[in-house]
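This is what each chain is made of:
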Amino acid sequence: MTRSIRGNVGKGIAVALLLVFTLFPVYWMVSSAFDKKASSGGQSLVPKEFTLDNFAYVLTKGGFDVFLRNSAIVAIAVVVLSAAFALLASVAVARFKFKFRTAILFIVLTVQMVPLEALVIPLFVQVRDLGLLNQLLGLVIVYVALSLPFGIWMLRGFVAAVPVELEEAAYLDGASWWRMFRSVLFPLVMPGLVATSVFSFITAWNEFIFAMTLLGGASDQYTVAIGLKQFFGEHTNEWGYVMAASTIITIPVMIFFVLVQRKLSSGLVAGAVKG
């Protein structure tokens, strides 16, 4: 009993230390956002004076209302387009046999391993030649291209894991390909689709390098990642505004993850019942 108690106490201490290590940066960000002295660099572990001025400044004079709108447009468009294209492509490579299928999968995997920094200049040149610089559409196209390799590779595994017999049974019952896809295949690959959507959303919401490169000449098209940069000066940083803006940026990501997490668990059950 003594050894068991000691083991449980040790595990409890380890878990507590891990939680403190993980959650302390989040606590510091939120507490500094409400700390009146944070802007002057005098924030403390427990704020003595709470204020909403940092949030008010960020959303009004800081222009974060516009940045949030732009990021929402980009993120939603990227999630929808990348999910649709990745799902169709994964079905093609997992279910149909055609020439160069293995080569295509190898290319997709290779693209996924290329550092993003190496793609900045080639993608900038392509977006410039298309006349889409300083436009959200150009950024959406780039983000979809960056999200597709991961989405195709992950969804291919989910599609391949679905027994072909389920599809054949649907065909024998008189279902068309579209009905089989909607009622049998789609519910079963929903968990993978949710996982790829989370990746696409986080990429589109938090990415900075491509956004700054492609939208650097149009301040009204900035996303939240670029907007956060304005609070960092050459000699001083407005930490109160930085923390308030960071808190605002984090909230949509948390809401999105909470919403899709339910779909991630319910997708397996729904797929098994409908299949």
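Residues numbered from 1 in each chain as written. Predicted model: local features only at pLDDT ≥ 70, side-chain atom pairs only at ≥ 80, totals over all residues. Heavy atoms only, no water.

**Student:** Would you take a moment to explain the overall build of the chain for this structure?
**Tutor:** In terms of regular secondary structure, the chain is built from 12 helices and zero strands. A compact globule built from 275 residues would reach a C-alpha radius of gyration of about 19 Å, whereas the chain, at 23 Å, exceeds it by more than 25%. The principal-axis extent of the C-alpha atoms belonging to the chain is close to 70 × 70 × 30 Å. Restricting the contact set of the chain to residue pairs at least 6 apart, pairs at least 24 apart contribute 72%. For the chain, the accessible area works out to roughly 16000 Å², and carbon and sulfur atoms hold 70% of it. (Helix = DSSP H or I, 4+ residues; strand = E, 2+ residues; numbered from the N terminus. Rg over C-alpha atoms; globule rule 2.2 N^0.38 Å. Contact = heavy atoms within 4.5 Å. Areas by Shrake-Rupley, 256 points an atom, 1.4 Å probe, with all protein chains shown as cover.)

**Student:** I'm lost on empty space enclosed by the protein in this one. Help?
**Tutor:** Counted according to the given criterion, the structure contains one cavity of 30 Å³ or more. Lining the largest cavity we find Ser82, Ala83, Ala86, Ser147, Gly151, Thr196, Ser197 and Ser200. Elements that contribute at least two residues to the lining of the largest cavity include exactly α3 (64–95), α6 (136–161) and α9 (190–206). Tallied by class, residues from the lining of the largest cavity come to two nonpolar, six polar and no charged. (1 Å grid on protein atoms, 1.4 Å probe; cavity = no way out; pocket = protein on both sides within 12 Å on 5 of 7 lines; lining within 4 Å. Points joined across faces, edges and corners; volume = space filled by probe spheres on them. Nonpolar A, V, L, I, M, F, W, Y, C, P; charged D, E, K, R; others polar.)

**Student:** It is not clear to me how the packing of aromatic side chains should be interpreted in this structure. Could you clarify?
**Tutor:** Each aromatic ring pair is described using two quantities: the centre-to-centre distance and the angle formed by the ring planes. Applying the stated criterion to the full structure yields 14 aromatic pairs. Measuring from centroid to centroid gives 6.1 Å for Phe64 and Phe231, while their planes differ by 20°, and the two rings are stacked. Of the two residues, Phe64 sits in helix α3 while Phe231 sits in the loop between α11 (224–227) and α12 (239–274), which places them 167 residues apart along the sequence. Neither Phe64 nor Phe231 differs from the other in exposure class; each is buried. Taking the centre distance of 6.2 Å and the plane angle of 40° together, the rings of Phe67 and Tyr222 count as tilted. With a gap of 155 residues between them, Phe67 in helix α3 and Tyr222 in the loop between α10 (209–215) and α11 connect regions that are remote in the sequence. The structure contains a cluster of three or more aromatic residues connected by ring pairs, namely Tyr57, Phe64, Phe67, Tyr222, Phe231 and Tyr241. The residue whose ring lies beneath Arg156 is Trp153, and the NZ or CZ to ring-centre distance is 5.8 Å. (Phe/Tyr/Trp six-rings, centres within 6.5 Å; stacked < 30°, edge-to-face > 60°. Buried < 20%, exposed > 50% of the residue type's maximum accessible area, 1.4 Å probe, protein only. Lys NZ or Arg CZ within 6 Å of the ring centre and 35° of its normal.)

**Student:** Which parts of the structure should I look at to understand the pattern of salt bridges?
**Tutor:** For side chains of opposite charge, pairing can occur when their charged atoms come near one another. Following the criterion strictly, the structure yields two salt bridges and no others. The partner of Arg95 in a salt bridge is Glu167, and the shortest N-O contact between them spans 2.7 Å. Of this pair, Arg95 sits in helix α3 while Glu167 sits in helix α7 (residues 164–172); the two residues are 72 residues apart in sequence, bridging distant segments of the chain. With relative accessibility at 8%, the residue Glu167 sits in the buried group. (Salt bridge = Lys/Arg side-chain N within 4 Å of Asp/Glu carboxyl O.)

**Student:** Please explain helix α8 (residues 177–188) as it appears in this structure.
**Tutor:** One full turn of an α-helix is made of 3.6 residues, so residues set three or four places apart face in the same direction. The end-to-end C-alpha distance of α8, which contains 12 residues, comes to 15 Å, matching closely the 16 Å that a straight helix rising 1.5 Å per residue would cover. For α8, the full list of buried residues reads Met180, Phe181, Ser183, Val184, Leu185, Pro187 and Leu188. (Expected span 1.5 Å × (residues − 1).)

**Student:** Explain the UniProt feature "transmembrane region" (unreviewed entry) in the chain here, please?
**Tutor:** UniProt records the feature "transmembrane region" (unreviewed entry) at residues 12–30, 72–96, 103–124, 136–155, 184–205 and 239–260, using the numbering of this structure. Annotation note: span residues 103–124, helix share 73%, strand share 0%, distance between end C-alpha atoms 27 Å. For residues 136–155, the end-to-end C-alpha separation is 27 Å, with 100% helix and 0% strand making up the annotated structure. (UniProt positions renumbered as here; feature names shortened; annotations may be inferred.)

**Student:** What is the right way to look at the packing of α8 against α9 in this model?
**Tutor:** A pair of packed helices can be characterised by two numbers: the angle between their axes and the separation between those axes. Viewed as axis vectors pointing N to C, α8 and α9 meet at an angle of 60°, and their least axial separation amounts to 4 Å. Put simply, α8 runs oblique to α9. Contacts from Phe186, Pro187 and Leu188 of α8 reach α9 at Met190, Pro191 and Leu193. For the contact of α8 with α9, a count of residues per class yields six nonpolar, no polar and no charged. (Axes fitted to C-alpha atoms, helices over the stretch in contact; angles between N-to-C directions. Parallel < 35°, antiparallel > 145°, perpendicular 65-115°, else oblique.)

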